[in-house]
Structure formats: structure tokens, C-alpha cells
Amino acid sequence: MKTETISKQFYATNNATNSNEHSLASSFFSINSKSLKKAIKDNASPLGFIVLISSFILMITGAFLVYKFQADFDQFHIDRINSTWGYPFLVITTVFFMFKAGVFLYNLFLYFRYKPIESVSDELLPTCTIIVPAYNEGKLVLDTLISLADSDFPEQKMQILAIDDGSKDDTWYWMQQAKIKLGDRLSIYQQPKNQGKRHALYRGFELGTGDIFVTVDSDSVVKKDTVRNLVSPFITNEKCGAVAGNVLVLNNKKAILPKMLNVSFVMSFEFARSAESVLGSVFCTPGALAAYRSEAVYECLPEWINQTFMGQPSDIGEDRAMTNMILKQGRQVLFQRNSYVLTNVPEDYTGLYKMFIRWGRSNVRENLMMANYVFKDFRKGSKFGTRLLYIDQTLKIIMAYPFVLFMLFFIAMHPILFFGSTLLSIMIVSSFSALFYAKRHSISESFWAYSYSILFTFGLFWITPYAIATANKSGWLTRGLAQGK
């Protein structure tokens, strides 16, 4: 993929974001049959058409089944209450539902309070070391480095380091090509063998001289003002120890799964991390784009590079681990919605579930680590919100096995009731994601929220239980040789 093509796609995406800043209410009334037709037209591949139409047919069928078998639903509800385990189960599920609803409303309240920090002047911008670790990335690393060099950031304050982590393809060649183009603005290094992303970043941290470290994945491209927006909170907030960037999907025009993930990413970043940022407690700064105060990094660097889990060296979740350790220092971790990066995501089911397994294992490990300090006096000021969000995240892990067991029991006993109620629930719950994406980005693309929820519910429900059972396992899982160079 050529840099020029990537840049055009990036700015087209960003302009779409800026041109759709209308109210949530207007988004709701805009999502109608015309919008659905436009969505089908915009995603006009035969398979995309089939997926979108099938998603709505399934959800409408679910609603019909709930209506048609309402008497059976009522009888099932009565039988469950009258059973030995039924009433306690009803109480537990009601409490759980009320807690989840309360957390959602709390997040919504925090979201409306969130505002990104505007960029500071060139004179106030800190010195910055940008670290780009790469493994089997091919020509994409050239696109990443060129986009960083094109940043609207004072050259004398920017140090760019690219580190090839023992790639087996032509990644090192493309780093050399970037060096030829950028000259002294870029320094390139080659690890003697593949040691993992954490070790590549560690070398960058050791070599870096900036007041702020910025880490960028080697399959990602940034906007001109991304870096300056990302590091500005460090100037305006002395308590800030790290900042998370706003991640969108680069290859969302190429395949169906990236289209779905783009909607999911917007919810994960622009909604969830906006809420976390108000509390100063973003739980994970993404590998695709993150910034760290250098003194905060140096304070936890020995622990970070030597981190183990169940006696084994940790070679996954380096971003979540770094964030966790900086939060533990009592520093704030913020989110910059105006700091955009576009990154590649898997385009097939195998790559997708492997990515989610890696994230799931990291989530299990770091939640256990967070339990060691989150209920202590780790920071001055209120810690209620941080603890509430931590409990919510931990409950998702704790409830993973009970949820799967109940789902299998429900399917075995009442398959029609299960599929009907589940599909209707997806249609209701996913409407918020669709409306949110429509408001922030594109109405026509927002319908992928429904397809993604169906895929996640029926095709990826096993990820968390599996990640819990295999939390001690390591490995990147998705880093093979780069394709399409």
C-alpha cells in the first residue's frame, strides 16, 4: 500500500468524523430505511450486502419469536421463580443488571464531561522520542515512519527511533529506505534476534532522550497534528503520567471484519476511554499510539522489562502493563480524542480471535495486578470512580464461566426462547453503539454495530473463558510474515 493512498484514506476518514458532529437525537431520526440503503450501497460488496441484510433479518426474526412465544416466555419465567434455584438466580441477575445499568449511566455522565486538551504552542511543546518497534511488517513500516516525519511538530524537538525486532521478511530494507528519505531525523536499529515487542520498546526507552516517549505500532499512520495533540496534556497537567491516543481502523475499506471493528474501536476509545479520562484512570494506553512521561517510564522500567506471570516472562500486554504501573505511581492516565492513529486489524476470523485471546490474557493478568493497589491509597483525591470501573471490568471476568454455563443450559432447554431473546437484546443494546458511531463518524457505517454484536455473541463468546484458562500462556499469536508487500 502506498503512503499517498493511506494518507488519502486517513484524511477522508477524519473529515467524515468532523462533518458528522450532530446531536444524538438527530442521529436517531436519521437512521431509517434510507440510511440502511445507503449503508448497503457504501458497503456494496456482495458479501457485505449479505451480512448486513442477514443481520437485520436475524434481529427481526428474534423480535418476532419473542412476540410469538410470549406465553412461553412468561411460563418459563414463572417456572424459574418457583424452582429451588430460580428465585436466588433472579435476585442475582437483577442486581447484576442494575449494577451494569448504573455503570453505563455513570460512564455516560463522564462522557459528557470529557473534553480533549487543545494543542499547546510550539514553544511549550516538550522534547519527544517516538519509538516504532517492528516485526515482519514489510513496507508498512515505511508508511508509518513517513507519516510521523510529516507531523506538525518542531523537528528539533522530535527524535524518531525505529527498531527491527529480528524480522524474517524485508522490514529492515524498508527501514533503510525510510532512513534514506528522512536522513538524520530517523535512527534505525536491528535486534540480533526476535525478542518480542517489549524488548524492542525497552531498547527505545534506553536510547531515547526526550521528555516524553511516544510509542507507535509499525502498521499505523498518524495525522499531522496527532503527536502535538497527544503530548500536550503533559504540559497542562503535571500529574499526567501517560496519554492514550484515539485508534481507528486503517483497513476498514478492505474487508468486513475491519468494518465491524472500526465501530467497536470507536466505542472502546471515544466512549469508554473518554469516561475513564475524566477520572484520570484510562486502564490501557494502546500500543498503536500512546505517550508516557519519561520519568514515569524510568521509575517502573526495571519492573516492566522483568515482569513475569506464574513464573514465566511476560511477552504480551506490554501496553496494559506499563499503564498499570504508571497508575500505581499515583499519576493520571488520560485520553486524547483529537489525537488520531489508523492501524491495521485482522481481516479473517482466525486473526481476530487470536488478537482477542492475547488481549483477554493480558486483561486477566493486569486485573490481578491492579487488585494489589486499586483499593489502597494509591493516589490523592477521589478514587471511587476508578474502583467502580475496576469492579465492573473484573465482574466481566468473574462472570465469564457462569454466563457460558447458563447460555448452554438455556440453549439445551429452550433454544427458541434463547435465540429470540438474545437477538432482540442485541438489536436493543447495539442501537446505542450504532447511534454513537453515527453521531461521531458515519451513519451508513454505523449499521455494522449490529453485525459485530451478533458475531461477538455467537462467534467470540468463548474468548474470555479460554483466556482465563490459558492466562499463563504467552506468544503474540498474530505476527506472521507480512502479506502483500
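What you are looking at is a predicted structure, and each value in this text was computed from that prediction instead of being measured.

### Describing the confidence of the model for the protein chain
Logical step 1: A residue-level look at the protein chain finds 89% of positions with pLDDT of 70 or above and a mean pLDDT of 90.
Logical step 2: Every residue in residues 1-5 scores below 50 in pLDDT, and together they form 6 contacts with partners more than four places removed in sequence or on other chains.
Logical step 3: Contacts from residues 15-31, a stretch scored under 50 in pLDDT, to residues over four places away or in other chains number 30 contacts.

### Comments concerning the layout of surface pockets
Logical step 1: In this model, the second largest pocket occupies a volume close to 300 Å³.
Logical step 2: Together, 19 residues line the second largest pocket, and Asn237, Ser277, Gly280, Gln332 and Leu334 are the ones closest to its centre.
Logical step 3: Of all the elements in the fold, those that place two or more residues in the lining of the second largest pocket are helix 11 (256-278) and strand 10 (332-343).
Logical step 4: Among the elements that make up the lining of the second largest pocket, the one with the highest residue count is strand 10 (4 residues).

### Description of the sheet that holds strand 7 (residues 289-293)
Whether parallel or antiparallel, the strands of a sheet pair through hydrogen bonds between backbone atoms.
Logical step 1: Here we have 8 strands laid out as an open sheet, ordered 3-2-1-4-7-6-10-5, and mixed in their pairing. The open sheet has two free edges, formed respectively by strand 3 (186-190) and strand 5 (220-222), since each of these has just one partner strand. Geometrically, the sheet is characterised by an average inter-axis angle of 30° between neighbouring strands, direction not taken into account.
Logical step 2: Note: strand 6 (residues 240-249) against strand 10, 8 bridges, orientation parallel. Opposite Leu248, over in strand 10, you have Leu342 as the bridge partner.
Logical step 3: Sitting on the sheet, helix 11 is in contact with strand 6 and strand 10, with an inclination near 155° to strand 6.
Logical step 4: Sheet contacts for helix 12 (residues 294-305): strand 4 (212-216), strand 6 and strand 7; angle to strand 7, the most-contacted strand, approximately 85°.

### Observations concerning the pairing of strand 4
Logical step 1: Counting buried positions over the 5 residues of strand 4 gives 5, a clear majority of the element.
Logical step 2: Here strand 4 shows two buried faces, one formed by Ile212, Val214 and Val216 and the other by Phe213 and Thr215.
Logical step 3: Here 4 bridges tie strand 1 (residues 128-134) to strand 4, and the two strands are oriented parallel to one another. Residue pairing in the sheet places Cys128 in a bridge with Ile212 of strand 4.
Logical step 4: When strand 4 meets strand 7, the two strands line up antiparallel, connected through 5 bridges. Pairing of Val216 across the sheet is with Leu289, part of strand 7.

### Here's the deal with the side chain of Lys157
Logical step 1: Mapped onto the elements of the fold, Lys157 is located in the loop between helix 7 (140-149) and strand 2 (158-164).
Logical step 2: A polar atom in the side chain of Lys157 sits 2.8 Å from the backbone oxygen of Asp122.
Logical step 3: When near neighbours in sequence (up to four residues on either side) are disregarded, Lys157 contacts Asp122, Glu123, Leu124, Leu125, Pro126, Thr127 and Cys128.

### Things to note about the nonpolar core
Logical step 1: Counting 115 residues, the largest nonpolar core has Ile130, Leu145, Phe205, Val214, Leu261 and Trp304 as its most contacted members.
Logical step 2: Excluding residues that lie within four positions of it along the chain, Leu145 makes contacts with Val132, Ile160, Ala162, Ala178, Leu182 and Leu186.
Logical step 3: Counting residues in each nonpolar core, the second largest holds 7 residues, with Phe73, Phe76, Met407 and Phe418 among its members.

### A short note on the pattern of salt bridges
Logical step 1: Tallied over the entire structure, the rule returns 13 salt bridges.
Logical step 2: With a closest N to O distance of 3.5 Å, Lys197 and Glu318 form a salt bridge. Here the residue Lys197 occupies a position in helix 9 (residues 197-207), and Glu318 occupies one in helix 13 (residues 318-328), the gap between them amounting to 121 residues. Across the pair, Glu318 and Lys197 agree in class, each one buried.
Logical step 3: As a salt-bridge pair, Glu270 and Arg440 come within 2.7 Å of each other at their nearest N and O atoms. Highlighted residues: Glu270 in helix 11 and Arg440 in helix 17 (residues 415-440), separated in sequence by 170 residues.
Logical step 4: The buried category is assigned to Glu270, whose relative accessible area is 0%.

### Some words on the packing of aromatic side chains
Logical step 1: In total, this model carries 35 aromatic pairs according to the counting rule given.
Logical step 2: With centroids separated by 6.5 Å and ring planes inclined at 40°, the aromatic side chains of Phe269 and Phe335 adopt a geometry described as tilted. Placement of the pair is Phe269 in helix 11 and Phe335 in strand 10, with a sequence separation of 66 residues.
Logical step 3: The class for Phe269 is buried, based on a relative accessible area of 6%.

### Considering the pairing of strand 7
Logical step 1: Within strand 7, 5 of the 5 residues are buried, leaving the element largely enclosed by the surrounding structure.
Logical step 2: Both faces of strand 7 are covered, namely the face carrying Leu289, Ala291 and Arg293 and the face carrying Ala290 and Tyr292.
Logical step 3: For strand 6 and strand 7, the ladder comprises 3 bridges, and the chain directions are antiparallel. Each residue of the ladder has a partner; that of Ala244, found in strand 7, is Ala290.

About the thresholds
Residues numbered from 1 in each chain as written. Predicted model: local features only at pLDDT ≥ 70, side-chain atom pairs only at ≥ 80, totals over all residues. Heavy atoms only, no water. pLDDT = per-residue confidence, 0-100. Contact = heavy atoms within 4.5 Å. 1 Å grid on protein atoms, 1.4 Å probe; cavity = no way out; pocket = protein on both sides within 12 Å on 5 of 7 lines; lining within 4 Å. Points joined across faces, edges and corners; volume = space filled by probe spheres on them. Helix = DSSP H or I, 4+ residues; strand = E, 2+ residues; numbered from the N terminus. Pairing = 2+ DSSP bridges. Axes fitted to C-alpha atoms, helices over the stretch in contact; angles between N-to-C directions. Buried < 20%, exposed > 50% of the residue type's maximum accessible area, 1.4 Å probe, protein only. Polar contact = N/O pair within 3.5 Å; in protein donor to acceptor, adjacent residues only side chain to side chain. Core = buried A, V, L, I, M, F, W, Y, C linked by side-chain atoms within 4.5 Å. Salt bridge = Lys/Arg side-chain N within 4 Å of Asp/Glu carboxyl O. Phe/Tyr/Trp six-rings, centres within 6.5 Å; stacked < 30°, edge-to-face > 60°.

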